[in-house]
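The residues making up each chain are set out below.
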Amino acid sequence: MNWHTSSIDAIFKELQTNADGLAADEVAKRIQQVGPNQLQEKKKKPVWLLLLMQFKDVMILILIVAAIVSGVAGDLKDALVILIIIIINAIVGFVQEYRAEKAIEALKKLSAAMVKVRRNKQVTQIAATEIVPGDIILLEAGDMVGADIRILRSNALKIEEASLTGESQGVDKSTGALLEEDAPLGDRTNMAYKSTLVTAGNGAGVVVATGMQTEIGKIAGMLQEGESVTPLQKRLADFSKKLSFVILGICVVLYVIGLLRGVDPLTMLLTTISLAVAAIPEALPAVITIALALGAKKLVRKKALIRKLPAVETLGSVTYICSDKTGTLTQNQMTVQATWQYEQFGLSIPAIKKEQSLLLVMGLNHDSQKDHTDNDKRKGDPTEVALVEYALQQNGYNDRWEQDFPREQELPFDSDRKLMTTVHKTNGQYLVITKGALESILKICKTGDQQCINDQSNKLAETGQRVIAYSCKLIQQLPQKGDQAALESDQDFCGLAGMIDPPRPEARQAIAECKTAGIVPVLITGDHPVTAAAIARDMGILQSKDDRTITGAELAKLSDEELDKSITQIKVYARVSPQQKLRIVETLQKKHQFVAMTGDGVNDAPALKRANIGVAMGITGTDVSKEAAAMILLDDNFATIVKAVKEGRRIYDNIRKFIRYVLACNFAEILTIFMAPVVGLPIPLLPIHILWINLVTDSLPGLALAGEKAEPRIMQRPPRDTNEGIFSHGLGLNTIWVGVLMAAVGLVTQAWAIHIGDAHWQTMIFTVLCFSQMGHALVSRSESEYIFRLGVFSNRNLIGAIALTFILQIAIIYMPALNKIFNTAPLTITELGLCLLISTITFHAVELEKFIKRRSGKIN
Ligand code: ATP
């Protein structure tokens, strides 16, 4: 059937539905038939392929070939052990990747959209995946359309269809006339399509197609999101590649040296390739993904849902948090405190006394619904509910008014107009009521003493109350639907209502934390400047005398240069329109600030996209804002942003710790093996030893480092500069000297043991290298804090990993079966004690470095 050319009745008949919606059993039947309303995911890699991919690395392949060749040539045992180690390595890699993938999948599920449907005459919210053809779905500004629908009702409904047509201008939708059969998608104004966004108005439609049957489903293949790579991953992948070449170069030289010294070519080949496999940090970018994905999973528990993985990495760099007020810093629990009826106002409607006039307009103009399933409790925007409930509870309010003044039209609230209007029929006339921000109301009023009204409003606002003004007029004829100019003009001022919205107790603490962490909290609100400043002062956002409050109107008058100059002093922006948020973000970014910006409405989307971290509200936010954001606050709470920043800093710190640890260890391995023949010693380790050290050091201890807790002073240091390289703050230097020290310790042990004729020298250097790396894992837990202060056992996973490695290493030294496999020999107690002692040198040296840095004030 051609939906856009058919009448609504014909569509209802075809889909066997009606305006009341489907019955539950019918829904169940249809979902069985057509399946869930979702686009097919990119074909997932099967588990076996994921496992096989672990072997795709060229070096691993060469190693496998070399092992087989050496096996064929005679040393079957060596070949087998090498193969086993490679397989274990692959399994570890696979488990890590699998976990990361699962974590990302779980995140995606959490951000799935919800839609409002009418089923069996009741409006309910369901997951978009549960929509079936024939469902009636309701739309309002900010929603994402859940399926392809034919429009049944349009109240100034406007939809942006860029995802489908590429056209970013919104299209006006109407129930409208039937269209030509070959009308292009963009012209089908009586249809709306899955994944497009409602930018204004509201409406309803009947679902004609779901899932892969929708227009977007038909082109879904083209829309699969690319995997996002974080800046750090990119830099590390680059670095790993360059490093690989250097390591390969070293291996070639080593190979030649080995041959010249008369080592058997096959053994030398295995040694050098094992070394290359161990030393090339090919796993680094993958480990970063794991750290970020697991971090994102943890953030969900803290009520911050990450939509774009790179955000986890960059959260720690935030220098500005620009936040909304209502619901984010405050509780969004509105209570009307007082009303003030303008003395000269009184409705000239029979049966309405002058003192009832304000109550009547307050009771009629609202956008809230009674929930029949919940004791007729009022549901809707808290401002709306508070105002109407206040009116209903006052003496003089008449319950019959709602029937006596039936609603004929309405213009929904939007934060650009800052007005909301309803039109009610009364005795052949029409009562137009508007409520909104005082300035906006005064602009559409022909009566009202501005001075007196402003004084009253300021009195309320100075105590932090949110002020709503009312105006109205009687007209004889109903204007055309949606004629805003005809309705919102020539009105009479009615009065004011003041309401409080208590601050969130945890927000004050979070603001103080921001300040110690070098982050500037800024309030951007649609509210009145006096109200905004009162709340900002109370919360600690406005503190010093240089801190300024500015209104949207003043902001509009500032030139770019003037704003550039003053922006760092402005802490409160009041009465700003969402469009101005974009200018604020851009100006701050020009000043090299890293901005997190909150938003919930349709018009906030550009600023959210532009901000370094766009933050949408999970509860009150529109789908449009969520689409644009990098992070969603599941509890709409300012304090959650600060928690997320802290978590971001922790994750970045841990990635650095991991890199520092792994690179220094790898460097030590390569240096030990390369330098030994250079200084006239035999090659110290066998290929199995190299692979073993690589396996036990990189995997478990490395991962345990990524789970390290936040350092005590993490929120007392300034944000990280996003331009700083990964090797900044001494990381590069540290890697080099620790690598050199570890190698030197190993080589000296080897040289000394050979010198005194100790036949166990190889087992000793093997053990020293392995244990030194464990010690290094332990000190890498913090770049500045002593381990004994952090608590040796406070990272249980790491202690577990080290203990396991220790036990395995002891087994390799003392179990005869393993002796044969690893070519090791049981050490005497003295030898073992000596190895243990020597292995602590690196540990102490790094702790000493912390001491020196602390003394010299480089870290505090
Ligand atoms: P924030 O931007 O911090 O969330 P806000 O909720 O006050 O603050 P808006 O929702 O844009 O910002 O509201 C701006 C102004 O519009 C309010 O100060 C109020 O005067 C008025 N207003 C808010 N909600 C309504 C409503 N439902 N009907 C009429 N006017 C409203």
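In the nomenclature of an unreviewed UniProt entry, the protein corresponds to P-type Ca(2+) transporter from the organism Niastella yeongjuensis. For the record of the protein, the UniProt heading Sequence similarities (unreviewed entry) holds the text "Belongs to the cation transport ATPase (P-type) (TC 3.A.3) family. Type IIA subfamily." UniProt, in the comment section headed Subcellular location (unreviewed entry), describes the protein in these words: "Cell membrane".

(A) Focus on the pairing of strand β11 (residues 368-371). Judged from the four bridges that link them, β11 and strand β12 (residues 377-380) form a sheet pairing that is antiparallel. The residue of β12 that forms the bridge with D371 is K377. Connecting the antiparallel pair β11 and β12 is a turn made up of five residues, with N375 showing a positive phi of about 50°.

(B) Structural detail: the sheet that holds strand β9 (residues 320-323). Strand order in the open sheet formed by eight strands is β8-β23-β22-β21-β9-β18-β20-β19, and the pairing between neighbours is mixed. Every other strand in the sheet has two partners, leaving β8 (304-306) and β19 (548-551) as the edge strands with one partner each. Averaged over all adjacent pairs, the angle separating strand axes in this sheet is 20°, with direction ignored. Looking at chain direction, β9 and strand β18 (residues 520-524) are connected through four bridges and run parallel.

(C) The arrangement of the pattern of salt bridges in detail. All told, the structure shown has 35 salt bridges when counted by the stated rule. Notably, a salt bridge pairs R508 with D538, separated by 3.0 Å at the nearest N-O pair. Taken together, the residues R508 in helix α19 (residues 505-516) and D538 in helix α20 (residues 529-539) connect sequence positions 30 residues apart. Overall, the relative accessible area of 40% leaves D538 in the partly exposed class. A salt bridge links E785 to R713, with the shortest nitrogen-to-oxygen separation between them at 3.5 Å. Of this pair, E785 sits in the loop between α30 (761-779) and α31 (787-790) while R713 sits in the loop between α28 (700-706) and α29 (731-755), placing them 72 residues apart in sequence. Through salt bridges with shared partners, one network takes in K325, E439, R466, D527 and R575.

(D) Region of the structure containing the state of the cysteines. In total, this model carries zero disulfides according to the counting rule given. With no disulfide partner, C472 has as its closest neighbouring cysteine sulfur the one in C494, 3.5 Å distant. Here C835 stays free of any disulfide, with the sulfur of C770 as its closest cysteine sulfur at 11 Å.

(E) Structural view of the site of the ligand. The local shell around the ligand holds 18 residues, among which K325, E384, R466, T525 and D527 are the closest. Here V467 contributes a backbone N or O atom positioned 3.2 Å from an oxygen atom of the ligand. A distance of 3.0 Å is found between an oxygen atom of the ligand and a backbone nitrogen or oxygen belonging to G526. Within the complex, 90% of the 600 Å² of free accessible area of the ligand lies under protein.

(F) Quick look at the confidence of the model for the protein. Per-residue pLDDT for the protein has a mean of 87; in total, 95% of the residues score no lower than 70. Here residues 221-227 is modelled with pLDDT under 50, and outside its nearest four sequence neighbours on either side it reaches six contacts, counting other chains as well.

(G) Up close: the domain arrangement of the protein. Along its sequence, the protein is organised into domain 1 (3-38 + 113-223), domain 2 (284-300 + 647-711 + 723-856), domain 3 (304-330 + 503-636) and domain 4 (335-498). Computed from C-alpha coordinates alone, the two centres of domain 3 and domain 4 are separated by 30 Å. Taken together, the contacts link 15 residues of domain 3 with 12 residues of domain 4. Summing the contributions of domain 3 and of domain 4, the shared interface buries around 1000 Å²; its carbon and sulfur component is 47%. Across the contact surface, domain 3 and domain 4 share two salt bridges. The residue E439 makes a salt bridge to R575 at a minimum N-O spacing of 2.6 Å. Across the contact surface, domain 3 and domain 4 share five residue pairs in polar contact (both at pLDDT 80 or more). At the level of elements, α20 and α23 (578-590) are the ones that each hand at least two residues to the side of domain 3 that touches domain 4. The element best represented in the side of domain 3 that touches domain 4 is α20, accounting for four residues. When its residues are assigned to classes, the side of domain 3 that touches domain 4 shows five nonpolar, seven polar and three charged.

(H) Molecular detail of the packing of aromatic side chains. Evaluation of the coordinates by the stated rule reveals seven aromatic pairs. Arranged with centres 6.2 Å apart and planes meeting at 75°, the rings of F788 and F843 form a pair that is edge-to-face. With F788 in helix α31 and F843 in helix α34 (residues 829-855), this residue pair connects regions lying 55 residues apart in the sequence. Among the aromatic side chains, those forming a connected cluster through ring pairs are W340, Y342 and F493. The ring of Y652 has R720 lying over it, and the distance from NZ or CZ to the ring centre is 3.4 Å.

Rules behind the numbers
- Residues numbered from 1 in each chain as written.
- Predicted model: local features only at pLDDT ≥ 70, side-chain atom pairs only at ≥ 80, totals over all residues.
- Heavy atoms only, no water.
- UniProt positions renumbered as here; feature names shortened; annotations may be inferred.
- Pairing = 2+ DSSP bridges.
- Helix = DSSP H or I, 4+ residues; strand = E, 2+ residues; numbered from the N terminus.
- Axes fitted to C-alpha atoms, helices over the stretch in contact; angles between N-to-C directions.
- Salt bridge = Lys/Arg side-chain N within 4 Å of Asp/Glu carboxyl O.
- Buried < 20%, exposed > 50% of the residue type's maximum accessible area, 1.4 Å probe, protein only.
- Disulfide = S-S within 2.5 Å.
- Near = heavy atom within 4 Å.
- Polar contact = N/O pair within 3.5 Å; in protein donor to acceptor, adjacent residues only side chain to side chain.
- Areas by Shrake-Rupley, 256 points an atom, 1.4 Å probe, with all protein chains shown as cover.
- pLDDT = per-residue confidence, 0-100.
- Contact = heavy atoms within 4.5 Å.
- Domains from an automatic or database assignment.
- Buried area = accessible area lost by both parts, 1.4 Å probe.
- Nonpolar A, V, L, I, M, F, W, Y, C, P; charged D, E, K, R; others polar.
- Phe/Tyr/Trp six-rings, centres within 6.5 Å; stacked < 30°, edge-to-face > 60°.
- Lys NZ or Arg CZ within 6 Å of the ring centre and 35° of its normal.

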